[in-house]
Structures are given as structure tokens and as C-alpha cells.
Amino acid sequence: MATGIGRIGIIGGSGWLGAAFAQAFLEKGLVAPEALTLSNRTGSGPIAGVTWTSDNQALVERSDIVILSVRPEQFLDLSMAAGDRVLLSFMAGVTIETLRARTGARRIVRTMPNAAATIGACFTPWFATPEVGPDDKARVQALLEACGSAGELGSEDEIDYVSGFTGAGPALPALLARAMIQHATARGLPPALARQAALSVVTGAAQLLAEKDADPSAIMDALIGYRGITAALLETAMAGGFESLIGTALAAGEARAREMSARSAGSGGNGDA
Ligand SMILES: NC(=O)c1ccc[n+]([C@@H]2O[C@H](COP(=O)([O-])OP(=O)(O)OC[C@H]3O[C@@H](n4cnc5c(N)ncnc54)[C@H](OP(=O)(O)O)[C@@H]3O)[C@@H](O)[C@H]2O)c1
């Protein structure tokens, strides 16, 4: 092995997530450039000093841990045999059973990062098959922490749930910011100021909530305690079903992840590629 982490290959290394993790591995000194191989269909990309290839099997041969970061539908066209390597998948809706059938891997880790990986602020839940031992689990945790934080789940089933949760990352907060911008603009605030105001509310809240021991309920209770404007706003949102709507949205994400998993399970493969 080149380092304690070993040699890493990222299939889809020029993509949104693949490139974010590759950059973070290099910037944190977790993986040396000569121990990092990245692939895409052209065999070239913007990260310098590493090995680029369009040959996914060559990438596998150069790696101890292989990260799969292509889109789920692109995985259907991809052919590789993982052998005894640890296979770490970022893909939503591609089950361990499908990964095993199509790559032959037995040591498999399914993870669910999100777009905040690009700024090192992503929490990535992961689930590993029983064949992944404690040392490899520690490597996986360290690799995922390069882009933020990470935690092990107790079952693969929970990966489908978190796909619409951590996986969606900035999506729901972005929806909240857009709704505030639209309302303030319609109310007559200049659009640039409405945008600046709404984004500062969301990003300021994110920083407050990132403080150690921050408790969303405690923050809400403290503001409701003034029995003034924020109480009127929050109580109206809650009475209107805001929380249950968020629950319905999360359930829809989970249902879509399960549909994708069921479809991928039907796609077969023999792992001999
Ligand atoms: N983005 C997110 O917020 C997010 C969140 C959670 C999970 N995920 C999961 O993460 C995975 C990657 O998502 P992404 O957003 O990073 O996608 P993306 O930006 O579209 O990246 C996909 C990458 O795969 C490469 N690729 C496609 N076919 C390939 C092949 N046959 N061999 C090698 N490379 C190939 C693409 O490069 P070329 O086109 O040049 O080949 C590109 O570098 C997806 O499965 C997604 O479900 C994404």
C-alpha cells in the first residue's frame, strides 16, 4: 500500500462528487497524487498530478479501494471486476446485491454524500457488508471525513431513506430560500436585496445550527418565547402542516430511491467483466 489509506481509484473522477472527493483527498494529504487514479469516458480531467484513464479495469488494478461515482444509469454501461478490493459506492438506488452481481465485489460499502462535499461540509452515512473488516471501515470513515463528517448505518435499508435526506443536501434549504426570495420580491423589496436577505437568513441559520450542542427545538422555543412576530410566523407554518409536508417530501425521496433500487436489481450482470 502507498499510504495507510492505500491506493484509491475513483470511477467518475471528473464528476460533481468524484472530483470533490479527489480534491479533498489530495488537499488533506490523505492520498498522494501517485496513489490516486481517476477515470471518466475521455480519460482526462482537470485534476493535475494524478493518473487519468478511460479504462475502468486498469483503474481497478491500480487501486486498493475503488469508489464508484458515476450516475446510476451510467453504471449499467460500465464493466469491471473488483476482485477482493473494497468497493465504495456513492450511487443512489444501486443495491449491494446489484453491485455484487455486476462487479463480483464482496467487500462493499454503500454511502450517501451530498453536494456540500464540494465545500467540505457533507455528512455521509454509510453501510458496509459483513466482509468489510474494522481496518477497512476505519479507512472508509477517514476517506469520507475528507469532505466533512460520516457515520455508519445499521442496515442497507437505511441507505434508501437517507438518499432523500442527506443525499438531497442543499435541496430543501434552497427551496426555503427561494420561497423567501419570491415572497419578498412580490412584496416589493428590490430583487437583489431580497436575495441577499434570504440567503443570509439561511446561511446564518446554518452556521448557528453548526455550533456545538445546537438544538433546533431550543432555538425555536427561545424565539417563540418572545410571543411576538417570530411566534406568529412559526406557529402559522406549523399549523399549516410545514413539518408534516417535510415528512411527506422525505418519504417521497425514499420511495423514489426504492424504485431505483428495484429497477437496478433487475439489471443483472455477472461480475466477470
Ligand atoms: N450530486 C449529488 O448531490 C449526489 C448526492 C448523493 C449521491 N449522488 C450519487 O453520486 C453519483 C455521482 O453523481 P454526480 O453528481 O457526481 O454525477 P456527475 O457529475 O454526472 O458525474 C458522473 C461522472 O461519471 C463519469 N462517467 C460516466 N460514465 C462513465 C464510465 N463508463 N466510466 C468512467 N466514468 C464515467 C462522468 O464523466 P464523463 O461523462 O466524462 O465520462 C462524470 O465524471 C451518482 O450515482 C449519484 O446518484 C450524487
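Residues numbered from 1 in each chain as written. Predicted model: local features only at pLDDT ≥ 70, side-chain atom pairs only at ≥ 80, totals over all residues. Heavy atoms only, no water.

**Observations concerning the UniProt feature "domain: Pyrroline-5-carboxylate reductase catalytic N-terminal" (unreviewed entry) in the protein chain**
The UniProt feature table records "domain: Pyrroline-5-carboxylate reductase catalytic N-terminal" (unreviewed entry) at residues 7–92. Between the end C-alpha atoms of residues 7–92 there is a gap of 24 Å, over a span that is 26% helix and 22% strand. (UniProt positions renumbered as here; feature names shortened; annotations may be inferred. Helix = DSSP H or I, 4+ residues; strand = E, 2+ residues; numbered from the N terminus.)

**A few points about the site of the ligand**
The environment of the ligand is made up of 23 residues, and the closest members are S14, L17, R41, V70 and R71. Within the contact set of the ligand, an oxygen atom lies 2.7 Å away from a side-chain nitrogen or oxygen of S14. Within the backbone of L17, a nitrogen or oxygen atom sits 2.8 Å from an oxygen atom of the ligand. Protein chains shield 82% of the accessible area of the ligand, which is 890 Å² for the free molecule. (Near = heavy atom within 4 Å. Polar contact = N/O pair within 3.5 Å; in protein donor to acceptor, adjacent residues only side chain to side chain. Areas by Shrake-Rupley, 256 points an atom, 1.4 Å probe, with all protein chains shown as cover.)

**As for the pattern of salt bridges**
Considering all chains together, one arrives at 15 salt bridges under this definition. For E61, the salt bridge is made with R85, and the minimal N-O distance between the two is 3.5 Å. Here E61, found in helix α2 (residues 56–61), pairs with R85, found in the loop between α3 (72–75) and β5 (86–89); they are 24 residues apart in sequence, far enough to count as distant. A relative accessible area of 46% places E61 in the partly exposed class. Each of the salt bridges in this network shares a partner with another, and the network as a whole consists of D84, R107, D136 and R139. (Salt bridge = Lys/Arg side-chain N within 4 Å of Asp/Glu carboxyl O. Buried < 20%, exposed > 50% of the residue type's maximum accessible area, 1.4 Å probe, protein only.)

**Structural notes on the confidence of the model for the protein chain**
With 96% of its residues at a pLDDT of 70 or more, the protein chain shows a mean pLDDT of 95. Contacts from residues 269–273, a stretch scored under 50 in pLDDT, to residues over four places away or in other chains number 13 contacts. If you check the scores for this complex, the pTM reads 0.94 and the ipTM reads 0.98. (pLDDT = per-residue confidence, 0-100. Contact = heavy atoms within 4.5 Å.)

**Examining the pairing of strand β6 (residues 108–111)**
Burial along β6 is two-sided: I108 and R110 facing one way and V109 and T111 facing the other are all buried. Bridge count between β5 and β6: three bridges; the pairing is parallel. Bridged to L87 within β6 is I108. For the segment spanning β5, helix α4 (residues 96–103) and β6, crossover handedness is right-handed. In terms of strand pairing, β6 meets strand β7 (residues 122–128) through three bridges, oriented antiparallel. Across the sheet, the residue bridging to T111 is W126, located in β7. (Pairing = 2+ DSSP bridges. Right-handed = clockwise from strand over helix to strand, strands pointing away.)

**Some thoughts on the sheet that holds strand β1 (residues 8–11)**
Read from one edge to the other, the open sheet built from eight strands follows the order β3-β2-β1-β4-β5-β6-β7-β8, with strand pairing classed as mixed. Strands at the two margins of the open sheet, each flanked by one partner only, are β3 (51–53) and β8 (148–152). With strand direction ignored, the average angle separating the axes of adjacent strands in the sheet is 20°. Here strand β4 (residues 65–68) pairs with β5 via four bridges, running parallel. Directly across from I67, in β5, lies its bridge partner L88. (Axes fitted to C-alpha atoms, helices over the stretch in contact; angles between N-to-C directions.)

**A word on the UniProt feature "domain: Pyrroline-5-carboxylate reductase dimerisation" (unreviewed entry) in the protein chain**
In the numbering used here, UniProt assigns the feature "domain: Pyrroline-5-carboxylate reductase dimerisation" (unreviewed entry) to residues 156–260. This span, residues 156–260, is 77% helix and 0% strand, and a straight line between its end C-alpha atoms measures 14 Å.

**Considerations on the packing of helix α7 (residues 171–186) against helix α8 (residues 191–209)**
Closest axis-to-axis distance for the α7/α8 pair is 9 Å, and the angle between their directions is 145°. Every pair of crossing elements has a handedness; the one defined by α7 and α8 is right-handed. Contacts from P173, A177, M180, I181, A184 and T185 of α7 reach α8 at P191, A194, R195, A198, L199, V201 and V202. Of the residues assigned to the contact of α7 with α8, the class counts are eleven nonpolar, one polar and one charged. (Left-handed = near helix turned anticlockwise from the far one by under 90°. Nonpolar A, V, L, I, M, F, W, Y, C, P; charged D, E, K, R; others polar.)

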